[in-house]
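Fold and contact review
Residues per chain, in single letters:
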Amino acid sequence: MTYYCSVADVGSRLGLDSAQRTRANSRITSAIRRATIDIDQCYRDYGRDVPSREIASTTLNGAVSAGATTITLASGTGFSSAGNGNIDGDSFKWSGKSTNDLTGVTGVSFDHASGVTVEEGEQAHVLREICADLAAAYYYEDEATFQTASREGGMRGTMLHERGMNNLRRLAHLGSVD
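1. Remarks on the sheet that holds strand β6 (residues 101–103)
Read from one edge of the open sheet, 3 strands run β2-β6-β5, paired in antiparallel fashion. The open sheet has two edge strands with one neighbour each: β2 (70–72) and β5 (96–98). Ignoring strand direction, the axes of neighbouring strands in this sheet form an average angle of 20°. Looking at chain direction, β5 and β6 are connected through 3 bridges and run antiparallel. Its bridge partner being in β6, Gly-96 is matched across the sheet by Thr-103.

Shown next as structure tokens:
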């Protein structure tokens, strides 16, 4: 199963430092799994293909200019021979692949520096944010420590869940950025 976000993404939502993320790794991973299942199910509810089949991630190996027709990746492993993607949120399409180069590229809107994240799946960057919100909410639900009399943790978890689900429904209903 491909997950839409990482322990670091969720840890930042929770305000955890590196040591705290390490200690909570298994609980956060479980929350990420639940969030990923919810994301996939929401897409199915709208009659859409599950986006998890479309996600691959790497970085740029060299700068890319607006209007570029070829993008050189640090690693082309996992990227389809043709598809849609995004460079730091900038959506584009490609029609061919040669090892670490995406060719026949259209739609790059602005310049990007070497080392910037490139993802297959034009909505991958948005899905990562939604997943992090939902997983953090599930983590709060599961953690008895946050269920205090003041309900501060419970309230934050509720808000993260509501924001994540609202954004997910909008995205799943939209279906594509095209």
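2. Some points on the pattern of salt bridges
Going through the model one piece at a time under the given rule, you end up with 6 salt bridges. One salt bridge connects Asp-142 with Arg-34, and the closest N-O pair in it is separated by 3.0 Å. Of this pair, Asp-142 sits in helix α4 (residues 124–142) while Arg-34 sits in helix α3 (residues 25–45); the two residues are 108 residues apart in sequence, bridging distant segments of the chain. With a relative accessible area of 46%, Asp-142 lands in the partly exposed category. Among the salt bridges present, the one from Glu-119 reaches Arg-128, with a minimum N-O distance of 2.4 Å. Through salt bridges with shared partners, one network takes in Arg-13, Glu-129, Asp-133 and Arg-163.

Basis of the calculations
Residues numbered from 1 in each chain as written. Predicted model: local features only at pLDDT ≥ 70, side-chain atom pairs only at ≥ 80, totals over all residues. Heavy atoms only, no water. Pairing = 2+ DSSP bridges. Helix = DSSP H or I, 4+ residues; strand = E, 2+ residues; numbered from the N terminus. Axes fitted to C-alpha atoms, helices over the stretch in contact; angles between N-to-C directions. Salt bridge = Lys/Arg side-chain N within 4 Å of Asp/Glu carboxyl O. Buried < 20%, exposed > 50% of the residue type's maximum accessible area, 1.4 Å probe, protein only.

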